[in-house]
Amino acid sequence: MRKSLLEKGVFSFESFSHEDALNIGIKAQQIVKKENLKAVGIRITYKNLLIFQYLMDGKKEDHWLKRKEKTVLDSGHSSYYVYCHQNDYQSWLNDESYAICGGGYPIIENGQCVGSICISGLKHDDDHQLIIKILKELEDIK
């Protein structure tokens, strides 16, 4: 996983692999356990494939993960960005297939949104911050 920070702090990947998705998912699980956070669901898709999904003990469904994924893929932005710019997404506010809240993050490769990293189970802005923390920690390892 080779990535760089773009303008406005958005992570962009030079390349992304299935192993990268696995590493992100494992890192999410490790942070949640280490920080004694509430159980979360993690879903990572790439090029129309579900690459990683894990529902921690106590999580029984993934509908919020799928909604966050759709929000990211249809907007090309994080679901938190959509939340902060709700006026631009008025038609989605009452559409239950979208999640106008944090916790979904785009996988941007060569300037295109090609997948999503989604976490659900904490407060929505904490879901978003967890994704950012994971990406920063994994970038520091490289």
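Residues numbered from 1 in each chain as written. Predicted model: local features only at pLDDT ≥ 70, side-chain atom pairs only at ≥ 80, totals over all residues. Heavy atoms only, no water.

J.: Any chance you could explain the pairing of strand 5 (residues 104-109) here in plain terms?
T.: Moving residue by residue along a regular strand, the side chains alternate between the two faces of the sheet. Extensive coverage of strand 5 is indicated by the burial of six of its six residues. Burial along strand 5 is two-sided: Gly104, Pro106 and Ile108 and Tyr105, Ile107 and Glu109, pointing in opposite directions, are all buried. Relative to strand 6 (residues 112-120), strand 5 runs antiparallel, the two being bridged by six bridges. Its bridge partner being in strand 6, Gly104 is matched across the sheet by Cys118. (Buried < 20%, exposed > 50% of the residue type's maximum accessible area, 1.4 Å probe, protein only. Helix = DSSP H or I, 4+ residues; strand = E, 2+ residues; numbered from the N terminus. Pairing = 2+ DSSP bridges.)

J.: Looking at this structure, how should I read the packing of aromatic side chains?
T.: Counted according to the given criterion, the structure contains five aromatic pairs. Between Phe13 and Phe16 the ring centres are 5.1 Å apart and the planes differ by 80°, which places this aromatic pair in the edge-to-face class. The burial state of Phe13 is the same as that of Phe16; both residues are buried. On the numbers, 3.9 Å between centres and 5° between planes, the contact of Trp92 with Tyr98 is stacked. An aromatic cluster is defined as three or more aromatic residues linked by ring pairs; in this entry it consists of Phe13, Phe16 and Tyr46. (Phe/Tyr/Trp six-rings, centres within 6.5 Å; stacked < 30°, edge-to-face > 60°.)

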